[in-house]
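# Per-entry structural report
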Number of protein chains: 2
Amino acid sequence: MAIQRRPLREQIREELLLRLDRGDFAAGKDINEVVLAAELGVSRTPLREALITLAGEGVLESNQGRGFRFAPVSSKEFRELCEIVAGLESLALELSDPDELREMAPELLRLARSFPDPVAEQSEIEWHDDEWHDLLLGKCPNERLLDLVTSVKAGMRRYTHLIAGEDTLLEREAEEHCRIAEHLRAGDVAAATAALRDNWVSGMERMTSRIPVTPEPA
Amino acid sequence: MAIQRRPLREQIREELLLRLDRGDFAAGKDINEVVLAAELGVSRTPLREALITLAGEGVLESNQGRGFRFAPVSSKEFRELCEIVAGLESLALELSDPDELREMAPELLRLARSFPDPVAEQSEIEWHDDEWHDLLLGKCPNERLLDLVTSVKAGMRRYTHLIAGEDTLLEREAEEHCRIAEHLRAGDVAAATAALRDNWVSGMERMTSRIPVTPEPA
DNA sequence: ACCTTGAATTATGAATACAGAATACATGAA
DNA sequence: TTCATGTATTCTGTATTCATAATTCAAGGT
């Protein structure tokens, strides 16, 4: 086995995103670098590097002299992110080879139908959903586009824990995934793209009601 | 006047992008942090922060233990970036208020026609082009999308200096801008969007021949 | 001659130290 | 009481230092 040596900043970034998924951090909360570094068992330097990366992805905000804080959530921003990801994933689909998409359709269908046990871990459910989208986009030859999608989705992680334990939402999601896959199996990429857009739009609408209004701290 | 206080990392980032526009750096070139920090008159810490940001935007690559280097240029990557920006700008246009776009059309036309003097500074010419696109997208209400466009375009700056002193290319560009603006004036956003896509595609084709093939360093 | 091996050098990744801005707090005047 | 002002404290932004991985180069063996 080739043992992995990755920069601390990347590991820290992932750990912070994980905690974000778990809802550990309150949106809008200021980050105390010394405390957080101690908690993670690293020094401030790689921690700050990770924070800067996350700020670049929109997960955090930074203000001169005031450090970093988790960007406050808002239904406006969530809508904006959904519009962006919908556009990017649609583009990725359009750039993919239609034949390869058709070949992959059965696998996509299978995965969409086998949604995880309702009592499964929240993290596992989210992972299942992510995996489906990753598989869908996997045939897109535009690597930069795929990286970009990953990065933008990181910025959406602040919202994912809000849907915890909502079975009906997940069923709708699975349903829509099936529809997309069926279009692909039929070789109709345009229809699949449209369905994918709808998937994000409806996901947006489903979520928008559960986003708390967070007043901007003075 | 409110005097500005901005983090060094941001100023460094901009300075590096400026130098990139000027073609100061060879693509694929390794960065020596100590040398560059001394050259800029700052310490390695804020420099590294800027480098990490730029790596996140795709301007640089980073390898464990090997530090940062300017990402090598390739026609494949340039094509990918053009596809992405075309998609994002089209999306921004579709999300804009059609009425506001129509109102802005005359200004866009004026600006497109008044392309700068052929003998103007290269940087000024590029700025002119950027300004036109910024104005075009300015009415889009999706702020995150606009930030994203800016970020992706930063990743394209490695290519801009390659078109230095190509008058014919610029005339084609201005021509296409006029066409887009005229569609908007007519209230036909869909046609304008299509023309915008074409603008990027043709820009891609025009450029692709002048991108040198850089063999991957071992 | 070519490849391997190991010491010396160089540069990065991470930790620590330091200076100054932002905040909190307390004291005093209106 | 309330507001203002000065002071102490906290935390960030930047510089410096330290440890170790990566590279270079030379010596020795095949």
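Our subject is the structure that appears above.
Residues numbered from 1 in each chain as written. Chains lettered and ligands numbered in written order. Predicted model: local features only at pLDDT ≥ 70, side-chain atom pairs only at ≥ 80, totals over all residues. Heavy atoms only, no water.

### Regarding the interface of chain A and chain B
The extent of an interface is frequently quoted as the accessible surface area lost upon association of the parts. Taken together, the contact between chain A and chain B spans 31 residues of the former and 31 residues of the latter. Summing the contributions of chain A and of chain B, the shared interface buries around 2500 Å²; its carbon and sulfur component is 51%. Looking only at chain A, the three residues that lose the most surface to chain B are I52, Q64 and R144 of chain A, adding up to 25% of its buried area. Across the contact surface, chain A and chain B share 6 salt bridges. One salt bridge connects R48 of chain B with E49 of chain A, and the closest N-O pair in it is separated by 3.3 Å. (Contact = heavy atoms within 4.5 Å. Buried area = accessible area lost by both parts, 1.4 Å probe. Salt bridge = Lys/Arg side-chain N within 4 Å of Asp/Glu carboxyl O.)

### Brief notes about the side chain of R19 of chain B
Residue and element names in this part refer to chain B. The topology assignment puts R19 in helix α1 (residues 8-21). A polar side-chain atom of R19 sits 2.9 Å from a polar atom in the side chain of E15. Ignoring any residue separated from it by four or fewer positions in sequence, one finds R19 in contact with D24, F25, E39 and L40. (Helix = DSSP H or I, 4+ residues; strand = E, 2+ residues; numbered from the N terminus. Polar contact = N/O pair within 3.5 Å; in protein donor to acceptor, adjacent residues only side chain to side chain.)

### What to know about the side chain of E80 of chain B
Its place among the elements puts E80 of chain B in helix α4 (residues 75-95). Side chain to side chain, E80 of chain B and K76 of chain B meet in a polar contact 2.3 Å long. Ignoring sequence-local partners within four residues, the contact set of E80 of chain B consists of P141, N142, E143 and R144 of chain A.

### Let's talk about the pattern of salt bridges
All names here are of chain B. Summed over the entire model, instances satisfying the criterion amount to 50 salt bridges over all chains. Note that E77 and R158 form a salt bridge whose closest N and O atoms lie 2.6 Å from each other. With E77 in helix α4 and R158 in helix α7 (residues 143-160), the pair connects residues that are 81 residues apart, well separated along the chain. For the residue pair E77 and R158, the accessibility class agrees, reading buried in each case. (Buried < 20%, exposed > 50% of the residue type's maximum accessible area, 1.4 Å probe, protein only.)

### Focus: the relation of the copies chain A and chain B
Least-squares fitting of chain A to chain B yields an RMSD of 0.1 Å, with the superposition described by an axial translation of 0.0 Å and a rotation of 180 degrees. Taken together, the turn and the small shift mark the pair as related by a two-fold rotation axis. Both copies share a contact surface, since 100% of the interface residues of chain A are interface residues in chain B too. (Least-squares fit on C-alpha atoms with pLDDT ≥ 70 in both.)

### Regarding the protein's contact with DNA strand D
Around DNA strand D sit 19 residues, and of these I31 and R48 of chain A together with L8, S43 and T45 of chain B come closest. The share of sugar and phosphate among atoms of DNA strand D within 4 Å of the protein is 65%. A distance of 2.8 Å is found between a base nitrogen of DNA strand D and a side-chain nitrogen or oxygen belonging to T45 of chain B. Elements represented by at least two residues in the surface near DNA strand D include exactly α3 (44-56) of chain A together with α3 (44-56) of chain B. (Near = heavy atom within 4 Å.)

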